[in-house]
Amino acid sequence: MRTLFDKVWAAHEVVAETPDTPAVLYVDLHLIHEVTSPQAFSVLKSLGLPVRRPDRTLATMDHSTPTSTDQVFGKVPIKVDAAAKQVRQLEQNAAEFGVELFGMRDARRGIVHVISPELGATQPGMTIVCGDSHTSTHGAFGALAFGIGTTEVGHVLATQSLLQRKPKTFAVNVEGRLRPGVTAKDLILAVIGKIGVSGGTGHVFEYRGSAIRALSMDERMTVCNMSIEAGARAGMIAPDDTTFAYLEGKPRAPKGAAWDEARARWRTFVTDPGAVFDASVDIDASLLDPMITYGTNPGMVLPIGASIPDKAGDEAFDKALRYMGFHGGDAMLGKPVDVVFIGSCTNGRLADLQAAARILKGRKVAPGVRLLIVPGSQEVKREAEAAGYADIFKAAGADWRESGCSMCLGMNGDTVAAGQYSISTSNRNFEGRQGVGARTLLVSPFTAAASAVNGRITDPREML
Amino acid sequence: MEPLKRVRSRTLVIASSNIDTDQIIPARFLTTTTKDGLGRQLFADWRYRADGSPNPDFVLNRPEARGAHVLVAGRNFGCGSSREHAPWALLDFGIRAVISTEIADIFRGNSLKNGLLPITVDDATSGWLLDNPGAEVDIDLERSRLTLPTGASVSFPIEAFARHCLLNGIDELGYLRSRLSDIERYEAAR
């Protein structure tokens, strides 16, 4: 009786762990981006090593790339010199080492965790790594996917393997139905609020239960994406017919007889009845409301209609509230908003833009509020334009951009000014994450769009 | 890599819990393509004022920070992103060990690969260290023991292979490459 995680781990164990040595774990797919790879390629160069399996390596650029059309398509140069250099460095490294790269003007470019699933490169039962902590996203397909540091990026480039200790398992059981207006983002924020930002440290999550089974793939990716915000390097969901329907026909998914064979194999990547997890938590989805963060980590989160708790004397708590300019006892609803960001590897997929469009259709962004909507990939951009969402956004007064990480981490020119309140569909509300002094409140695309319309924190259910 | 057996130093204390890697090194400094010089930007948003001048209240700007190699921090240090720039920045500043009750997984792994010791201790030891900034501590990696100036000594957990590599100055990539024949066999058998 084994868990989903145990099965994927065992299938990739080149050498089992011993008390003295970690396991050698094989990596099926290595995703690369411009920020965490240059120093790894430098190590390969200094040792005279090739990339061992370029066919299992895929590179794109997303973090430091601008999102304005003029800069992306080269009518004006990338404004940040260091970012331009990083982009050129990845182009050179990819060419020199024979790695496939979706470069700046490639129609397949986008956030690394958005493009791999939409290509069908992310598949059940795989091991997937990337120098980015939100690699946990790919766990939505029943892959074991986790973020690694740059030294490990070098290890994978050189050997297609990693030295790893086997983590523990953690069942996140979510039963019941989400109510209308309550989304996958609200669900994962509630999970993080319940177990805390280090509750999953040392563990791999498996999200289970009827509420998880009912989610679309875009929604499952939102959930798995934020596993790391609870401390878990990876979060997995067993593949099922929803997974297979998503993958069938994708460019890099198996075809014909190979598809049938793959699907039969993928069906075995489920937790056996009676398998035991090292830890577990139970959540009732039917009780959840739209959630919003009020502090400086994703565990400081509340139902949107609630008030900030009063914990006078708790130094860390007081520090967070001072940074945010909030006070214990404050209601969240009605607080003013300066900037609204809809996008990121958490909520930059078509379903997220569809949700935003549902609210924004026929409405306008409040005067004085900046709404930035950034698709997760160029493919998502094309789909959103074809579906008419982009026209709805522009008519509402939103700024509609090229794909990238954008304002999630403010290292590409898209930032929030000091002191401003940003309602954001991204994943981290850390101090300064969206710009020096920026105050981030994490929400779903529904809540972000509704708050943009009112210029105040708004329960989206009043607009649905 | 140089072998690392022992760190004896005064401590610096940043008592905040959940210090994330965006605080250790903000994302706007990640456009570098090398590992060098990141110490200048360590804790940049806490360390410098808006005009770029040093914030005299922040511990890294105080005279006692000079020559201190051990950072004591509140619970759950290093959470957030996978950026290895975080241990690079700490090391470049001169920090060789971080002590907390809890250290995030990816940061811990990145630290061990760069010769920065991630040391987790019990609440009582952590509490004493947080209350006594500047304490002279002795971290003995061979015995996996942390000794306080009071004479109290506690053992700390550290992954056996990483410890072996640190003590002997072994690069893990060399070991991994020594298993290439196993990796080839695995690939052939799939």
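Right, let's walk through the structure included here.

Calculation criteria
- Residues numbered from 1 in each chain as written.
- Chains lettered and ligands numbered in written order.
- Predicted model: local features only at pLDDT ≥ 70, side-chain atom pairs only at ≥ 80, totals over all residues.
- Helix = DSSP H or I, 4+ residues; strand = E, 2+ residues; numbered from the N terminus.
- Rg over C-alpha atoms; globule rule 2.2 N^0.38 Å.
- Buried ≥ 20, exposed ≤ 12 C-beta atoms within 10 Å, placed from the backbone.
- Contact = placed C-beta atoms within 7 Å.
- Core = buried A, V, L, I, M, F, W, Y, C linked by C-beta atoms within 7 Å.
- Pairing = 2+ DSSP bridges.
- Nonpolar A, V, L, I, M, F, W, Y, C, P; charged D, E, K, R; others polar.

**Description of the overall build of chain B**
Argument step 1. Check the secondary structure of chain B and you find 8 helices and 7 strands.
Argument step 2. A compact globule built from 190 residues would reach a C-alpha radius of gyration of about 16 Å, and chain B, at 18 Å, matches this within 12%.
Argument step 3. Dimensions of chain B, computed from the C-alpha atoms along their principal axes, are close to 60 × 45 × 25 Å.
Argument step 4. Expressed as a percentage of the 190 residues in chain B, the buried residues total 44%.
Argument step 5. When contacts within chain B are restricted to residue pairs at least 6 apart in sequence, long-range pairs at least 24 apart make up 66% of them.

**A word on the environment of Asp57 of chain B**
Residue and element names in this part refer to chain B.
Argument step 1. Positionally, Asp57 belongs in the loop between helix 2 (44-47) and strand 2 (70-73).
Argument step 2. Looking at Asp57, the number of C-beta atoms within 10 Å reads 8, which means it is exposed.
Argument step 3. Sequence separation between Asp57 and Pro87 is 30 residues; the distance between their C-alpha atoms is 23 Å.

**Remarks on the nonpolar core**
Argument step 1. The biggest cluster of nonpolar side chains holds 190 residues, and the ones touching the most others in it are Leu187, Ile292, Val340, Ala356, Phe393 and Ala449 of chain A together with Val98 of chain B.
Argument step 2. The leading source of residues in this core is helix 7 (residues 184-195) of chain A, at 8 residues.
Argument step 3. Sequence-distant contacts of Leu187 of chain A, that is, excluding residues within four places in its chain, are made with Val174, Leu178, Ala211, Val223, Ala285 and Leu288 of chain A.
Argument step 4. Counting residues in each nonpolar core, the second largest holds 5 residues, with Leu112, Phe161, Cys165 and Leu166 of chain B among its members.

**Considerations on the sheet that holds strand 17 (residues 399-400) of chain A**
Residue and element names in this part refer to chain A.
Argument step 1. Reading across the sheet, the 5 strands line up as 17-16-15-18-19 and stay open at both edges, with parallel pairing between neighbours. Only two strands of the sheet have a single neighbouring strand rather than two, namely strand 17 and strand 19 (439-442).
Argument step 2. Taken together, the 4 bridges between strand 15 (residues 339-342) and strand 16 (residues 370-373) define a ladder with parallel strand orientation. The residue of strand 16 that forms the bridge with Val340 is Leu371.

**A look at the interface of chain A and chain B**
The parts lose accessible area when they come together, and the size of an interface is often stated as this lost area.
Argument step 1. Listed by partner, the interface residues are 53 residues for chain A and 43 residues for chain B.
Argument step 2. Those elements that place two or more of their residues in the side of chain A that touches chain B are strand 1 (13-15), strand 2 (23-26), helix 2 (38-47), helix 4 (81-97), helix 6 (150-159), strand 8 (161-164) and helix 12 (315-324) of chain A.
Argument step 3. Counting residues per element, the side of chain A that touches chain B draws most heavily on helix 6 of chain A, at 6 residues.
Argument step 4. Residue composition of the side of chain A that touches chain B, grouped by class: 20 nonpolar, 24 polar and 9 charged.

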